[in-house]
Amino acid sequence: MDINLIKSQFPIFTKKIKGKPLVYLDSSNSSQKPTSVLNSLDYFYRNEFSNIGRSIHSLAVNATNKYEETRTSIKNFINANSKDEIVFTKNATESINLVASTFGQENIKKGDEILITELEHHSNYVPWHYLRETKGAIIKFAPINDDGDIIISKLKELITSKTKIIAVTHLSNVTGTIVPIKEIVEIARKKNIPVLVDGCQSAPHIKIDVKDLDCDFYAISAHKVYGPTGVGILYGKKKWLEKLPPYIGGGGMINEVNKDKITYASVPEKYEAGTMPTAEVIAFNESIKFMESIGIQNIIKHEKELTNYALEKLKKINSVKIIGNPKNKAGVISFVIKGIHPHDISTIVDEEGVAIRAGHHCCQILHNRLNLSATARASIGVYNTKEDIDILCKAIENCRKVFELK
Ligand SMILES: Cc1ncc(COP(=O)(O)O)c(C=O)c1O
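Quantities reported herein were computed from a predicted structural model and do not represent experimental measurements.

Visitor: Describe the packing of helix 4 (residues 92–107) against helix 5 (residues 126–135), with residues and values.
Guide: Interhelical geometry of helix 4 versus helix 5 gives an angle of 25° and a closest axis separation of 8 Å. The angle between helix 4 and helix 5 places the two elements in the roughly parallel class. Crossing angle aside, the handedness with which helix 4 passes helix 5 is right-handed. Mapping the contact onto sequence places Ile96, Asn97, Ala100 and Gly104 in helix 4 and Pro127, Trp128, Tyr130, Leu131 and Lys135 in helix 5. Looking at the contact of helix 4 with helix 5 residue by residue, the class counts come to 6 nonpolar, 2 polar and 1 charged.

Visitor: Describe unusual backbone geometry, with residues and values.
Guide: Residue proline 268 follows valine 267 across a cis peptide bond; omega there is 5°. Mapped onto the elements, proline 268 comes out in the loop between strand 12 (262–264) and helix 10 (278–294). Phi angles above zero are rare outside glycine, and aspartate 214 is one such case at about 65°. By the element assignment, aspartate 214 lies in the loop between helix 8 (210–213) and strand 9 (217–221). Take aspartate 214: there are 15 C-beta atoms within 10 Å of it, and that puts it in the partly exposed class. A positive phi angle is found at cysteine 362, which is not glycine, with a value near 60°. Its place among the elements puts cysteine 362 in the loop between strand 16 (357–359) and helix 13 (364–369).

Visitor: Kindly report on the nonpolar core, identifying the contributing residues and their values.
Guide: Ranked by size, the top nonpolar core spans 103 residues in total, and within it Val195, Phe217, Tyr218, Tyr235 and Leu392 carry the most contacts. In contact with tyrosine 235, not counting residues within four places along its chain, are Ile78, Ala80, Glu85, Ile86, Val210, Phe217 and Tyr218.

Visitor: Tell me about the sheet that holds strand 14 (residues 332–337), and name the residues and values.
Guide: Strand order in the open sheet made by the 4 strands is 13-14-17-16, with antiparallel pairing throughout. Of all strands in the sheet, those bounded by a partner on one side alone are strand 13 (320–322) and strand 16. Geometrically, the sheet is characterised by an average inter-axis angle of 30° between neighbouring strands, direction not taken into account. Relative to strand 17 (residues 375–379), strand 14 runs antiparallel, the two being bridged by 4 bridges. Of the residues in strand 17, the one forming a bridge with valine 332 is serine 379.

Visitor: How would you explain the domain arrangement of the protein if you had to name every residue and give the values?
Guide: By domain assignment, the protein separates into domain 1 (3–26 + 295–402) and domain 2 (38–292). One C-alpha centre belongs to domain 1, the other to domain 2, and the line joining them spans 28 Å. Every element with two or more residues in the side of domain 1 that touches domain 2 is listed here: helix 11 (296–315), strand 14, helix 13 and strand 17. Ranked by the residues each element gives to the side of domain 1 that touches domain 2, the list is headed by helix 11, at 4 residues.

Visitor: I'd like a rundown of the site of the ligand, residues and numbers included.
Guide: If you check the shell around the ligand, you find Asn91, Ala92, Thr93, His121, Ser123, Asn124, Thr169, Asn173, Asp198, Cys200, Gln201 and Ser221 and nothing else. Of the residues assigned to the shell around the ligand, the class counts are 2 nonpolar, 9 polar and 1 charged.

Visitor: Describe in detail the packing of helix 2 (residues 35–48) against helix 10, supporting the description with residues and values.
Guide: Closest axis-to-axis distance for the helix 2/helix 10 pair is 8 Å, and the angle between their directions is 150°. Considering the angle they form, helix 2 stands roughly antiparallel to helix 10. Taken as a pair, helix 2 and helix 10 cross one another with a handedness that is right-handed. Contact residues: helix 2 offers Ser36, Val37, Ser40, Leu41, Phe44 and Tyr45, while helix 10 offers Ala279, Ile282, Ala283, Glu286, Ser287, Lys289 and Phe290.

What counts as what
Residues numbered from 1 in each chain as written. Predicted model: local features only at pLDDT ≥ 70, side-chain atom pairs only at ≥ 80, totals over all residues. Axes fitted to C-alpha atoms, helices over the stretch in contact; angles between N-to-C directions. Helix = DSSP H or I, 4+ residues; strand = E, 2+ residues; numbered from the N terminus. Parallel < 35°, antiparallel > 145°, perpendicular 65-115°, else oblique. Left-handed = near helix turned anticlockwise from the far one by under 90°. Contact = placed C-beta atoms within 7 Å. Nonpolar A, V, L, I, M, F, W, Y, C, P; charged D, E, K, R; others polar. Buried ≥ 20, exposed ≤ 12 C-beta atoms within 10 Å, placed from the backbone. Core = buried A, V, L, I, M, F, W, Y, C linked by C-beta atoms within 7 Å. Pairing = 2+ DSSP bridges. Domains from an automatic or database assignment. Near = placed C-beta within 6 Å.

Structure representation (C-alpha cells):
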C-alpha cells in the first residue's frame, strides 16, 4: 500500500495551513475527499444533471440508474441481502432518528425499555430520548469499564421483558473501542430483541458484514467514508422496513394518493421522500470504489500500525494521558494533558498545521462517566502517515513548552 499515492488523490493535502503542510487528524469528525469523489460531483452537475425517479427522458433515466448503482455498491460493501434493504438518508443521525421514530410509534409504550450504552454519540441517544419524552419510555445505559469496554455481563443483566430495542455503536468516536456487536446480537436474539448498530465510525475502519453481524439496523454517514456530506444510509432488514410505518411524507414515497386514502411505495422508496441528494449519492459510489481499490484489509493493517505507533509515541510524552485502553481499538485517540485545556491544545497544534478535535465529541455521557469535561482527539484516516504522528507529537511538545509544563 503506497501511502504517498493514496495521499496524492486528496487535493486538500496540497494546501498549507498557517504556512505549514496540513496534517489532518480529524477524520472521525469527517474525512477528506479524493479526486474521484470531487470529479463525480462536478461531472454530474455539469453533464448529467437531472432529478431521479420522476421524468422518463434520457438524463433522468441515466441519473436514476447511477443513483441505483450506488445502492447496489453499498449493498455489496456491507454484505446486505438485497439492495432494497439500503435506504438513503441525510446522514447516520437521520438514519437513527428514522428507526427511533417509526419503531417507537409502533412498538414503544409507557414503561418500555430502550437499552443503549455509555459509549453512545448523542445521535444514538437523543432520538431515543424523544421516546422517553413523548411515550414515557425508559432508557438504560449499559456501563463501560475504565478501559472503555462495554461490560457485557452488565448489559445482559439490564435486559428485561420490557426491553424493546438495543441501540449500540460499533466503534466509539472517543475511545476507539471496537464493540463486539456479534456477541450483543446473539444475546439480543435469544430474547427476540432487535438491535440497531451505529456504524458511523466503523464504516471507514473495519469490515462490515451485516449478514454476519445479524443486526436489524445499521447506520452510516457517507462523509466519514471519504464521500460527500448530505448522504447517509440506513440498512434495515427487509421485514422491518416493510413492517414499520413511513417516516417523512411527500413525493416519491407513495403508491396511490386519493382524497380519502394514500398507499405507500414499497421499500426502500417508502423512506425516500422528496428530492434526494442525487449528485451526492452518485459520488458516494466513488468513495466506496476508492476504499475497495485499496482493500479494507490493507486499510485495517495500515491504520493499526499507525495507531500503535501513535499510542507508543504519545505515551512517552510527559503528562499526556490517553483515554481508554479497550481490548480492540481503532485509530481514534483521545487524550488529555494535565494543566492544558483541550481547546488550547487544539489551538496551539493548529499553528503547526495539525488539525485535531477538542471538546466532548458529542459524548457527554461518556465524558461524565470518565470524570472529564473535554478531551483532545487525534483520529486517523487512510491517508495519514508516521510523519503526521511525528508532527503531532512535536506540536504537543511545543504546547507543553508554551504552558511551561515539566
Ligand atoms: C459514533 C457516531 N455516531 C453518529 C455520528 C453522527 O454522524 P452524522 O453527524 O454524520 O450524522 C457520529 C459523528 O461524529 C459518530 O461519531
